[in-house]
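# Coordinate inspection notes
Chain by chain, the residues:
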Amino acid sequence: MAAGGGGGGRPPGSDPALEPYVQTRIFKIIVIGDSNVGKTCLTFRFCGGTFPGKTEATIGVDFREKTVEIEGERIKVQVWDTAGQERFRKSMVEHYYRNVHAVVFVYDVTKMSSFTNLKTWIEECNGHAVSPLVPRVLVGNKCDLKDLIQVPSSLALKFADAHNMLLFETSAKDPQESQNVDAIFMCLACRLKAQRSLPCRDAEGWPGQPQPQSRRLDEASGKGSCPC
Ligand SMILES: Nc1nc2c(ncn2[C@@H]2O[C@H](COP(=O)(O)OP(=O)(O)OP(=O)(O)O)[C@@H](O)[C@H]2O)c(=O)[nH]1
Ligand SMILES: [Mg+2]
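The protein chain has the name small monomeric GTPase in an unreviewed UniProt entry, where Lepidothrix coronata is given as its organism. Listed under Sequence similarities (unreviewed entry) in UniProt, the entry text for the protein chain is "Belongs to the small GTPase superfamily. Rab family." Quoted straight from UniProt, the Catalytic activity (unreviewed entry) entry for the protein chain says "GTP + H2O = GDP + phosphate + H(+)".

Written out as structure tokens, the structure is:
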């Protein structure tokens, strides 16, 4: 499995003559959470490979995308970087959740209120009839600020377990963490690909697959690798 920034080769063994007829699947992944937790920086890191020098509060939504290759299939990951500030998001909320394939909830490990507010974000998501089969993950960002951490990993893991989500603790800023940032989206893309390959689907077009147990990705459990 390899990630690419929009280019990349074709699946081994595929016929170049047929290439124009092979449709690239698009997975819509929304990134949700309080303002200032680093949603824009995380999506920038995944799609662009860098940490933006300066960001401004997102207004409405910013779209970013990256084409990745999973088991020989090219998949377009369409990332919706949403606004955390109520005044910049209220007219857009319906659009965020429409036909969403996966949800990334982000909090700032140095700000407890961004963690306690997660329940409101989850309620909003549930209130928009997002199927429980749509994969959701939890991301604690700004782990580079080690001396300022307010949200212990144990607390976050408990919350993730209670909500049947995987937990990723990352830093959009630290280049050494970039693989872990990639793992958030690659993990979701792998799960979506696996779900959607199954022949048996439920009424919403999603297979009736149970969600895996929550798990924290760190050195011990294979940081940066896809756990699916
Ligand atoms: N130290 C550190 N700072 C970060 C990190 N990620 C983001 N920041 C900083 O946090 C601030 C907010 O980042 P954004 O990505 O704009 O936050 P946002 O969640 O998109 O905010 P809204 O668009 O208002 O919802 C900026 O000053 C970033 O430089 C990180 O991993 N570590
Ligand atoms: Mg933003």
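### Focus: the overall build of the protein chain
The number of helices and strands found in the protein chain is seven helices and eight strands. Burial statistics for the protein chain: of 228 residues in total, 46% are counted as buried. Here the analysis covers contacts within the protein chain between residues at least 6 apart in sequence; of these, 74% occur between residues at least 24 apart. In the form shown here, the protein chain has an accessible surface area of approximately 11300 Å², with 52% of it arising from carbon and sulfur atoms.

### Let's talk about unusual backbone geometry
Positive phi outside glycine occurs at Ala-129, with the angle close to 55 degrees. Residue position: Ala-129 is located in the loop between α5 (118-127) and β6 (136-141). For Ala-129, a relative accessible area of 63% puts it in the exposed group. With phi around 55 degrees, Asn-164 is a residue other than glycine that occupies positive phi space. With a relative accessible area of 33%, Asn-164 lands in the partly exposed category.

### A word on the coordination of the magnesium ion (ligand 2)
Those protein atoms acting as donors to the magnesium ion (ligand 2) are Thr-40 (OG1) and Thr-58 (OG1), and they sit at 2.0 Å. In this pair, Thr-40 sits in helix α1 (residues 39-48) while Thr-58 sits in the loop between α1 and β3 (61-70), placing the two residues 18 residues apart along the sequence. Thr-58 shares its class with Thr-40; the two are buried.

### Focus: the site of ligand 1
Around ligand 1, 21 residues are found, and the nearest of them are Ser-35, Lys-39, Thr-55, Gly-84 and Asp-144. Measuring from an oxygen atom of ligand 1, one finds a side-chain N or O atom of Thr-55 at 2.7 Å. Contact with the protein chains covers 87% of the free accessible surface of ligand 1, which is 650 Å². Its residues assigned to classes, the shell around ligand 1 shows seven nonpolar, nine polar and five charged.

### Quick look at the pattern of salt bridges
If you walk through the whole model with that rule in mind, you get eight salt bridges. For Glu-56, the salt bridge identified is with Lys-54, shortest N-O distance 3.4 Å. For the residue pair Glu-56 and Lys-54, the accessibility class agrees, reading exposed in each case. Between Arg-64 and Asp-81 there is a salt bridge; the shortest N-O distance is 3.0 Å. Separated by 17 residues along the polypeptide, Arg-64 in strand β3 and Asp-81 in strand β4 (residues 73-82) bring together distant segments of the chain. Each of the two residues, Arg-64 as well as Asp-81, counts as buried. Each member of the salt-bridge network shares a partner with another, and the members are Arg-25, Glu-73 and Lys-193.

### A short note on the pairing of β4
A large share of β4 lies buried, amounting to seven of its ten residues. Looking at chain direction, strand β2 (residues 25-33) and β4 are connected through seven bridges and run parallel. The residue of β4 that forms the bridge with Ile-29 is Val-79. As paired strands, β3 and β4 are joined by ten bridges and run antiparallel to one another. Pairing of Thr-67 across the sheet is with Lys-76, part of β4. As consecutive antiparallel partners, β3 and β4 are separated by two residues, and within that stretch Glu-71 has a phi angle of approximately 45 degrees, a positive value.

Here is what the cut-offs are and how they apply
Residues numbered from 1 in each chain as written. Chains lettered and ligands numbered in written order. Predicted model: local features only at pLDDT ≥ 70, side-chain atom pairs only at ≥ 80, totals over all residues. Heavy atoms only, no water. UniProt positions renumbered as here; feature names shortened; annotations may be inferred. Helix = DSSP H or I, 4+ residues; strand = E, 2+ residues; numbered from the N terminus. Buried < 20%, exposed > 50% of the residue type's maximum accessible area, 1.4 Å probe, protein only. Contact = heavy atoms within 4.5 Å. Areas by Shrake-Rupley, 256 points an atom, 1.4 Å probe, with all protein chains shown as cover. Donors = N, O, S within 2.8 Å, 3.2 Å for Na, K, Ca; no water. Near = heavy atom within 4 Å. Polar contact = N/O pair within 3.5 Å; in protein donor to acceptor, adjacent residues only side chain to side chain. Nonpolar A, V, L, I, M, F, W, Y, C, P; charged D, E, K, R; others polar. Salt bridge = Lys/Arg side-chain N within 4 Å of Asp/Glu carboxyl O. Pairing = 2+ DSSP bridges.

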